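# Overview (structure and organization)
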Amino acid sequence: MGIVTRSLRNVIRNPLRTALITIILTVSIGLALTMATVNGAASNQLSSIGGNIGTEIQVRPAGQFGMMGGSDSLDETAVDKLASISHVVSVQTSAQTIYTGDNLETPAPSDSSSGSTDDAPPPNFNGGQVFRTFVSSIIVMGFDPSITNPTLMGSATLEISEGRYFTLDESDADVVVFGQNLAEANDLTVGSTVDINGTTVEVIGIFSTGQRFGDNMFVMPIDTFQRLFDITGVTSVTVTADDVSNVDGVVSAIREIFDEDTADIVTAESMYERIGGSVTNAGKASQIGMFAAFGVAAVVILFSVALMVRQRVKEIGILKAIGASGWHIGLQFSIETLVISLAASIIGALITFPLANSVAKLLSGSSNTMMAGGGRAMEFFGGGITRIAGINVAVSPEIFLYALATAIVLSIIASIIPAWYIGHVKPAEVFRYE
Amino acid sequence: MNNDDNIIVVADLVKHFKSGPTVVPAVDGVSFQIPRGKTVALKGPSGCGKTTLLSLLGALDKPTSGSIIVDGVKISELRGGKEVQYRRQKIGFVFQSYYLVANLTAIENVMLPMDLMGTKKTEQQDKALQLLEKVKIGPKLHYRYPSRLSGGEQQRVAIARALANDPSVILADEPTGNLDSKTGNMIVNLLHSLSKEGRTLVIATHDAGIAAGADAVIEMQDGRISRTFVHFNK
């Protein structure tokens, strides 16, 4: 009978003992794997947040908040220079104003008693609508046609429900896309025409935002917007840096183009720090948990091995007496330890995988809650809540396999211990004291 | 008698154990020679040093001083792999408590020393069957685990195991100590039959039957040889 067969037979020699050791190891290794995968998910999320929001820089006319106050717009010649700044990967421009013409009817006011925040207009409109009854002003926004998924005021995301959005070659075309409420209030459909400040424009699409406020807007290509509303420049520019570490450098370069009297510059840094801080804390906690769980697994393995070897010290003495070398016996015991540890690692991994996913999703959920409280600052980052909430923190197989490999390495290290101990067993002493 | 005829030559052998500050002389200046093919009984009260002397002869322990030469090998100077080789090839052990490996069957226990030697499996099996037949273990018992064998059966399997690698010396420590008299006699007869085959046996025993059948009796007291009865010419 070979050494491997003897080892495997020894594993099932005492099924209760093997089962108990396997269960304890399964729990501790499973916990370690959970923590490792959560830690990996937290790292991924941090990286994701940094990659998605940490590189955006908002440039607005100085003193402007929403549509309130400040200078009117940013100089377009200066805006054009932003694209040539080193480490800038994109520059997206937009402009907005309140429609004050007579050709569009404002949608019917909502019930003032309901007071839904979705229905509420942004504060301190310049337009002359009745504020207390929640009658929204009509907001018009101009976008660079290259922005295919523009974010409207109030963080609303535009989704075309009928027709289409404007194309790159329509940057100065007389086309418009209406919010659903506004279109209904004015009996407009795709293909209709409407007079905007003396120019007939064609309705090429209807959009929905899921918000009453967002659906009371209409959007146009930015050049058309500037021509019809006699606005020069843009009211908002989003500059995206190639890496979060280059944001400060890009901000400095922007500041050379726009001084403090001309523009306000807002980076995602502060928000990134807030979001990242929480995720980092969660990551650190899971890292500590991972090390603790691996430590527990290591102690369990070592304790089990020590117990197994101590219980069978007489057998070691017998084997030595009949001519087995310490290396031979050590290998036999190491194989036994390795088989039990590997079995526990694999069982632990299989049981843990769904658990680790759930915990990782919990981490994602806590981040959402935190970010949802981020208030109006979030609107700077183009629907940040949705995007951050959308970050996938599910357990990646790579992280999971990495953690499993760690557990296996731990088992291999633990399996060396019997070999060391057995080398020191003296058969004569064993027989004397047994 | 010429020294070349002696398979075991022990000279000034000392083995001390430390018990806290006290040094216990388990074997204290023992010298003797045993000719090849003879049976020697070690007698004496418990704690007189019989088992320690057997452990030293079997290279299970290191002497404090003195020398042991077995079959031309100075075992008191053996280390590591050579010590293992010595135990594997030259010595067969029989213990009072049998010490069979619990999770191996009777035949697997007998095959184990041959497996450690690297003998082919078919040869292991053939020889194990022969040895089990020799010690009167029938086929029904071959695949039983030690827990399902009687004391006498276990001891006979242990003797078969001791013979597996055809050792020149058999060391037996109280081989009948855990057996009833009838079974003990069976084991005594078995051991004496081995002696007749030309093997050298050193048996630590209280059993008068074993001592009576031995070629020599060494009586020990407090780690020393107190008396020696030699019948090598019988």
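What counts, and where the lines are drawn
- Residues numbered from 1 in each chain as written.
- Chains lettered and ligands numbered in written order.
- Predicted model: local features only at pLDDT ≥ 70, side-chain atom pairs only at ≥ 80, totals over all residues.
- Heavy atoms only, no water.
- Contact = heavy atoms within 4.5 Å.
- Buried area = accessible area lost by both parts, 1.4 Å probe.
- Salt bridge = Lys/Arg side-chain N within 4 Å of Asp/Glu carboxyl O.
- Core = buried A, V, L, I, M, F, W, Y, C linked by side-chain atoms within 4.5 Å.
- Buried < 20%, exposed > 50% of the residue type's maximum accessible area, 1.4 Å probe, protein only.
- Helix = DSSP H or I, 4+ residues; strand = E, 2+ residues; numbered from the N terminus.
- Pairing = 2+ DSSP bridges.
- Polar contact = N/O pair within 3.5 Å; in protein donor to acceptor, adjacent residues only side chain to side chain.
- Arc of directions from axis to C-beta.
- Axes fitted to C-alpha atoms, helices over the stretch in contact; angles between N-to-C directions.

What follows concerns the interface of chain A and chain B. Listed as interface residues are 22 residues of chain A and, on the opposing side, 25 residues of chain B. At the boundary of chain A with chain B, total buried surface from both sides reaches about 2,000 Å², with 61% on carbon and sulfur atoms. Inspection of the chain A/chain B interface yields two salt bridges. Across the pair Arg9 of chain A and Glu108 of chain B runs a salt bridge whose closest N-O atoms are separated by 2.6 Å.

Here the focus is the nonpolar core. Counting 74 residues, the largest nonpolar core has Ile8 and Leu57 of chain B as its most contacted members. Among the elements that line this core, the one with the most residues is helix α7 (residues 269–311) of chain A, at 10 residues.

So, on to the pairing of strand β3 (residues 39–43) of chain B. Residue and element names in this part refer to chain B. In terms of residue burial, β3 counts as a mostly covered element, since four of its five residues are buried. As paired elements, β3 and strand β8 (residues 200–204) share four bridges and run parallel to each other. Each residue of the ladder has a partner; that of Leu42, found in β8, is Ala204.

All names here are of chain B. Positive phi is not limited to glycine here, since Glu174 has a value of about 45°. The topology assignment puts Glu174 in the loop between β7 (169–173) and α7 (181–196). Even without being a glycine, Asp222 presents a positive backbone phi close to 50°. Summarising the element assignment, Asp222 is placed in the loop between β9 (216–221) and β10 (224–230).

Below, the discussion takes up the side chain of Lys15 of chain B. Residues and elements named next belong to chain B. Mapped onto the secondary structure, Lys15 falls in strand β1 (residues 6–19). On the basis of relative accessible area, Lys15 is assigned to the buried category, the value being 10%. Separated by 3.5 Å, the side chains of Lys15 and Asp61 make a polar contact. Leave out the neighbours within four places in its chain, and Lys15 touches Val24, Pro25, Ala26, Val27, Thr52, Leu56, Asp61, Lys62, Pro63 and Thr64.

Those residues of helix α1 (residues 3–11) of chain A not exposed but buried are Ile3, Arg6, Ser7, Asn10 and Val11 of chain A. Projected down its long axis, α1 of chain A carries its buried residues within an arc of 145°, all on one side.

Our focus in this paragraph is the sheet that holds strand β5 (residues 73–74) of chain B. Residue and element names in this part refer to chain B. Strand order in the open sheet made by the four strands is β2-β1-β4-β5, with antiparallel pairing throughout. Single-partner strands in this sheet number two, and they are β2 (22–35) and β5. Where β1 meets β2, 11 bridges bridge the pair, whose relative direction is antiparallel. Paired with Val9 across the bridge in β2 is Gln33. The strands that helix α1 (residues 50–57) touches are β1, β2 and β4 (65–70); relative to β1, the one it contacts most, it runs at about 120°.

Scope: geometric values only; no functional claims are made or implied.
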